[in-house]
Amino acid sequence: MPSVLLLGASSDIATALARKYAAAGHDIQLAARNAHRLEPLRADLAIRYGVTTTLLEFDARDFDRHAAFWTALPYKPDITICVFGYLGDQTLAESDWTECRNILEVNYIGAVSILNIVAREYVAREKGAIVGISSVAGERGRKSNYLYGSAKAGFTAYLSGLRNRLFHHGLPVLTVNPGFVDTRMTEGLPLPPLLTATPEQVADAVFKAVAKKKNTIYVKWFWRWIMLIIKTIPESLFKKMQL
């Protein structure tokens, strides 16, 4: 069975993905900061599903070490899933460059840094699949989270270009737009239940989409139409809205 590398493995979505792929017999590499915290998950996956599960130290913002991280992997994964992200504090980031930079570096620069390395390896091997967890927030800037949204917009564009490039090598690249997800990152936010997915629903959608070599998915189908409507609102009206 193929093996899976989860970049940002401490998130709720990553945990659901790890369980989904382990249940299907895939070996799992869990990469995150302070990876030792994931030992209970690693042990559970190994015992419950009988797969090889490895913990790896990875920091999305430690760009200079990304190449060394990839080189040191015990084995190269067949599927690499970029899960990490940082919602941040929009209000704080408007006046605090450190917070603003964190949002931009985690959600865009860090993702591009590591996935460039992964893509180069996959092209050389002529084998591999890449998955990026982006966001509907990247489809139009809103005052409530435009810094996060702008980084995700860049990531979505990056994945589109990478998909165009790797298609000619027979390698799939999947962009995932989950919409609202009930996770620790969104804890405390007033999420509408009908529009909110669970981490398990995201994992199921990703698993099926990778198998079908899809290009872009919305975890809940109606987000495609919601965002289409939002994108067609004239700017003269949109700028006046409280979003």
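Model, not experiment: these values are computed from the prediction.

### Observations regarding the overall build of the protein
When you go through the protein residue by residue, the secondary structure sums to 9 helices and 9 strands. For 243 residues, the compact-globule estimate of 2.2 N^0.38 gives 18 Å, and the C-alpha radius of gyration of the protein, at 18 Å, lies within 12% of that figure. Taken along the three principal axes of its C-alpha coordinates, the protein extends 55 × 40 × 35 Å. Counting all 243 residues of the protein, 49% fall into the buried class. Taking contacts inside the protein between residues at least 6 apart in sequence as the whole, the part at least 24 apart equals 69%.

### Concerning the environment of arginine 165
Here arginine 165 shows up in helix 6 (residues 146–167). Among the residues examined, arginine 165 registers a relative accessible area of 41% and is labelled partly exposed. A sequence separation of 42 residues divides arginine 165 from valine 123, and the C-alpha atoms of the two residues are 9.9 Å apart. Setting aside residues up to four positions removed in sequence, arginine 165 forms contacts with Ala119 and Val123.

### Things to note about the packing of aromatic side chains
Given two aromatic rings, their pairing is described by the distance between the two centres and the angle made by the two planes. Under the defined criterion, the tally for this structure stands at 7 aromatic pairs. Considering the side-chain rings of phenylalanine 58 and phenylalanine 84, the 5.9 Å spacing of their centres and the 40° angle between planes classify their relative orientation as tilted. Within this pair, whereas phenylalanine 58 is found in the loop between strand 3 (53–57) and helix 3 (66–71), its partner phenylalanine 84 is found in the loop between strand 4 (79–82) and helix 4 (90–93), the two being separated by 26 residues in sequence. In terms of burial, phenylalanine 58 and phenylalanine 84 fall into one category: buried. Here the aromatic residues Phe58, Phe69 and Phe84 are joined through ring pairs into a cluster of three or more. Seen from the ring of phenylalanine 207, lysine 20 lies directly overhead, with NZ or CZ sitting 5.4 Å from the centre. Above the ring of phenylalanine 238, the side-chain terminus of arginine 140 is found at 3.9 Å from the ring centroid.

### So, the pairing of strand 3
Pairing of strand 2 (residues 27–32) with strand 3, which is carried by 5 bridges, proceeds in the parallel orientation. Of the residues in strand 3, the one forming a bridge with alanine 32 is glutamate 57. Each parallel crossover has a hand, and for strand 2 linked through helix 2 (residues 39–49) to strand 3 it is right-handed.

### Some points on helix 8 (residues 222–232)
Regarding helix 8, the residues found buried are Phe222, Trp223, Met227 and Ile230. Take helix 8 and look down its axis: the buried residues cluster within an arc of 135°, on one side only. Helix 8 presents Ile229 and Thr232 as exposed residues on the side facing more than 90 degrees away from its buried surface. Buried positions along helix 8 lie against strand 7 (180–181), strand 9 (216–218) and helix 9 (235–238).

### Comments concerning the environment of methionine 1
Within the secondary structure, methionine 1 is located in the segment before strand 1 (3–7). Between the C-alpha atoms of methionine 1 and alanine 24, which are 23 residues apart in sequence, the distance is 8.4 Å. Sequence-distant contacts of methionine 1, that is, excluding residues within four places in its chain, are made with Ala24, Gly25 and His26.

Definitions and limits used
- Residues numbered from 1 in each chain as written.
- Predicted model: local features only at pLDDT ≥ 70, side-chain atom pairs only at ≥ 80, totals over all residues.
- Heavy atoms only, no water.
- Helix = DSSP H or I, 4+ residues; strand = E, 2+ residues; numbered from the N terminus.
- Rg over C-alpha atoms; globule rule 2.2 N^0.38 Å.
- Buried < 20%, exposed > 50% of the residue type's maximum accessible area, 1.4 Å probe, protein only.
- Contact = heavy atoms within 4.5 Å.
- Phe/Tyr/Trp six-rings, centres within 6.5 Å; stacked < 30°, edge-to-face > 60°.
- Lys NZ or Arg CZ within 6 Å of the ring centre and 35° of its normal.
- Pairing = 2+ DSSP bridges.
- Right-handed = clockwise from strand over helix to strand, strands pointing away.
- Arc of directions from axis to C-beta.

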